[in-house]
Amino acid sequence: IGVRLVGSEMCIRDRAKIMADVNPQMLSLRELYTVALSYADNKAKFYQIINISVKLYPVHPIANLNAAAAAIEQGDTQSISKFLSMAPHDSLAYKNCRGVYELMTGNTYEGIRMLKAAKTEGSEEASYNLNVFFENNKRP
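Residues numbered from 1 in each chain as written. Predicted model: local features only at pLDDT ≥ 70, side-chain atom pairs only at ≥ 80, totals over all residues. Heavy atoms only, no water.

**Q** Account for the overall build of the protein chain, with residues named and values stated.
**A** Assigned secondary structure in the protein chain consists of 8 helices and 0 strands. Element order for the protein chain, N to C, with α for helix and β for strand: α-α-α-α-α-α-α-α. The buried share among the 140 residues of the protein chain stands at 38%. Nonlocal contacts in the protein chain, meaning residues at least 24 apart in sequence, comprise 37% of its contacts between residues at least 6 apart. When the accessible surface of the protein chain is totalled, it reaches about 9,100 Å², and 54% of it is carbon and sulfur. (Helix = DSSP H or I, 4+ residues; strand = E, 2+ residues; numbered from the N terminus. Buried < 20%, exposed > 50% of the residue type's maximum accessible area, 1.4 Å probe, protein only. Contact = heavy atoms within 4.5 Å. Areas by Shrake-Rupley, 256 points an atom, 1.4 Å probe, with all protein chains shown as cover.)

Take a look at the structure:
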């Protein structure tokens, strides 16, 4: 017979959020990413958890790809380059991030080339980013 205390249960995600603040090295990369996603309405906290993830897992390709995407959102081109160098180069997410990075740093040809390659392979994000780029760079 098991005894269950009323009010003693806490959602796994809530426990992971507490652990991310107190002792994040006890969490897996997946758990840290889940915690980060739970902060969709708090970008500062989201970025903080992504940065913790890449510090705890500095050579993990996915941690670096997530950190590159977060750095893009923050406009941090120096960090984007560092994180992309450790990310898996054959993924659609990499091609999308790399394309955006190239556009951000003024390498228009390479940026468009990377985004078109990702779009051709089915990346909706790359398609969106190409549309935004061309919309913002229309000639009057």
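**Q** Would you mind going over the pattern of salt bridges in detail, with residue names and values included?
**A** This model, assessed by the stated rule, comprises 5 salt bridges. Of the charged contacts, one joins Arg98 and Glu102 as a salt bridge, the two residues approaching to 2.6 Å between their closest N and O atoms. Of this pair, Arg98 and Glu102 both sit in helix 6 (residues 92-104), 4 residues apart, which is roughly one turn of the helix. Residue classification places Arg98 among the partly exposed residues on the basis of a relative accessible area of 26%. Salt-bridge contacts for Arg113 lead to Glu110; the nearest nitrogen and oxygen are separated by 2.7 Å. In this pair, Arg113 and Glu110 both sit in helix 7 (residues 108-120), 3 residues apart, roughly one turn of the helix. (Salt bridge = Lys/Arg side-chain N within 4 Å of Asp/Glu carboxyl O.)

**Q** Outline the packing of aromatic side chains, listing residues and values.
**A** Tallying each qualifying case throughout the model produces 2 aromatic pairs. Summarising the aromatic geometry, the rings of Phe46 and Tyr47 are spaced 5.6 Å apart at their centres and angled 70 degrees between planes, so their arrangement reads as edge-to-face. An identical accessibility class is assigned to Phe46 and Tyr47; each is buried. Both rings, one in Phe133 and one in Phe134, keep their centres 5.4 Å apart while their planes meet at 65 degrees; by these two values the pair is edge-to-face. Taking relative accessible area as the criterion, Phe134 reaches 40% and is therefore assigned partly exposed. The residue whose ring lies beneath Lys43 is Phe46, and the NZ or CZ to ring-centre distance is 5.0 Å. (Phe/Tyr/Trp six-rings, centres within 6.5 Å; stacked < 30°, edge-to-face > 60°. Lys NZ or Arg CZ within 6 Å of the ring centre and 35° of its normal.)

**Q** Give a detailed account of the packing of helix 6 against helix 7, specifying residues and quantitative values.
**A** What describes two packed helices is the angle between their axes and the distance between those same axes. Relative to each other, helix 6 and helix 7 sit at 160 degrees, their axes nearing to 7 Å. As summarised for this structure, helix 6 and helix 7 are arranged roughly antiparallel, according to the angle between their axes. Crossing hand, helix 6 versus helix 7: left-handed. Together, Leu92, Tyr94, Lys95, Asn96, Arg98, Gly99, Val100, Glu102 and Leu103 of helix 6 and Thr108, Glu110, Gly111, Ile112, Met114, Leu115 and Ala118 of helix 7 make up the contact between the two elements. (Axes fitted to C-alpha atoms, helices over the stretch in contact; angles between N-to-C directions. Parallel < 35°, antiparallel > 145°, perpendicular 65-115°, else oblique. Left-handed = near helix turned anticlockwise from the far one by under 90°.)

**Q** For the environment of Asn137, give the residues involved together with the corresponding values.
**A** Within the secondary structure, Asn137 sits in the segment after helix 8 (124-136). Exposure remark for Asn137: the relative accessible area of 44% places this residue in the partly exposed category. Within the local environment of Asn137, its side chain forms a polar contact with the backbone oxygen of Phe133, the two atoms lying 2.6 Å apart. (Polar contact = N/O pair within 3.5 Å; in protein donor to acceptor, adjacent residues only side chain to side chain.)

**Q** If you had to explain the environment of Arg113 to someone new, which residues and values would you point to?
**A** Given a relative accessible area of 40%, Arg113 falls into the partly exposed group. Measuring from C-alpha to C-alpha, the distance between Arg113 and Gly99 comes to 7.3 Å, with 14 residues separating the pair along the chain.

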